[in-house]
Amino acid sequence: MILRLLTLSLLILYPVAWFAPLMRAGLLPIFGLSEISVITGLQSLWGSDVILALTVTVFAIFAPYLKTIGLALVQWNLLDAKVQPVLQVLGKLAMADVFLIALYITLAKGIGYATIETAWGLYLFTGCILASIALSLWTARQLRQQDS
């Protein structure tokens, strides 16, 4: 039951993480810093690069959320456990987004004119992704134990 509740809690935590500040960025420290979240970042991307915006939307929103829904359905026996490999691929796609955010922060810090500070939303979003991976592994282990 704990496994199911933890998985369902991710369905609430993901939207919080999407709106939470991932980082604070600005040109120079004296101009102040703007908070950037997954949602505000996507809004900016949709105005400038639709293909990249669509890609990030899939990685940051759809992949982790669909994986979590699928995992919950498997745990409640509403979806066949044979979909586990597909759910694992969705989890890997979601983790790619965290990598991209880390890469952008590293690049921006190297520029010198920009100031970047990580915010609590980055840790929440990363924690959700890692928790999803852990819950997926835990679910797969329980399914194997049930089969034997």
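The structure we're discussing is the one just above.
Calculation criteria
Residues numbered from 1 in each chain as written. Predicted model: local features only at pLDDT ≥ 70, side-chain atom pairs only at ≥ 80, totals over all residues. Heavy atoms only, no water. Helix = DSSP H or I, 4+ residues; strand = E, 2+ residues; numbered from the N terminus. Salt bridge = Lys/Arg side-chain N within 4 Å of Asp/Glu carboxyl O. Buried < 20%, exposed > 50% of the residue type's maximum accessible area, 1.4 Å probe, protein only. Pairing = 2+ DSSP bridges. Axes fitted to C-alpha atoms, helices over the stretch in contact; angles between N-to-C directions. Phe/Tyr/Trp six-rings, centres within 6.5 Å; stacked < 30°, edge-to-face > 60°. Expected span 1.5 Å × (residues − 1). Bend = angle between axes of the 7 residues up to and from the residue. Contact = heavy atoms within 4.5 Å.

A. Quick peek at the environment of A131. Looking at where A131 falls in the secondary structure, it is placed in helix α5 (residues 120-147). A sequence separation of 125 residues divides A131 from L6, and the C-alpha atoms of the two residues are 8.7 Å apart.

B. The arrangement of the pattern of salt bridges in detail. Within the structure shown, the criterion is met by 1 salt bridge. One salt bridge connects E35 with R24, and the closest N-O pair in it is separated by 3.4 Å. Of this pair, E35 sits in strand β2 (residues 34-37) while R24 is found in strand β1 (residues 21-26), placing the two residues 11 residues apart along the sequence. For R24, a relative accessible area of 24% gives the class partly exposed.

C. A look at the sheet that holds β1. A sheet is described by the order of its strands in space; here 3 strands give the open sequence β2-β1-β3, paired in antiparallel fashion. Of all the strands in the sheet, the pair left with one neighbour each is β2 and β3 (115-118). Strand-to-strand twist of the sheet, defined as the mean angle between neighbouring strand axes without regard to direction, takes the value 25 degrees. Of the strand pairs in this sheet, β1 and β3 are connected by 4 bridges, and their pairing is antiparallel. Among the inter-strand pairings, G26 is bridged to a residue of β3, identified as T115.

D. Up close: unusual backbone geometry. Not every positive phi belongs to a glycine, and N77 is a case in point at roughly 60 degrees. Along the chain, the position of N77 falls in the loop between α3 (50-75) and α4 (84-111).

E. Quick look at the packing of aromatic side chains. Enumeration according to the criterion identifies 3 aromatic pairs in this entry. Relative to W18, the ring of Y14 lies with its centre 6.3 Å away and its plane at 25 degrees, an arrangement referred to as stacked. Within this pair, Y14 and its partner W18 are both found in helix α1 (residues 2-19), separated by 4 residues, close to a single helical turn. Judged by its relative accessible area of 9%, W18 falls in the buried class. Between W18 and Y65 the ring centres are 5.4 Å apart and the planes differ by 55 degrees, which places this aromatic pair in the tilted class. One end of the pair, W18, is in helix α1; the other, Y65, is in helix α3, and 47 residues separate them in sequence. We classify Y65 as partly exposed; its relative accessible area is 25%.

F. Just α1, in detail. Over its 18 residues, α1 runs 26 Å from end to end, which matches the ideal 26 Å to within 8%, given 1.5 Å per residue. At I12, α1 is deflected by roughly 30 degrees, the largest bend along its length, and proline P15 occurs up to four residues later in sequence. Three or more residues of α1 are buried, namely L3, T7, L10, Y14, A17 and W18. Looking at the packing, one finds that the buried side of α1 touches β2, α2 (38-48), α3 and α5.

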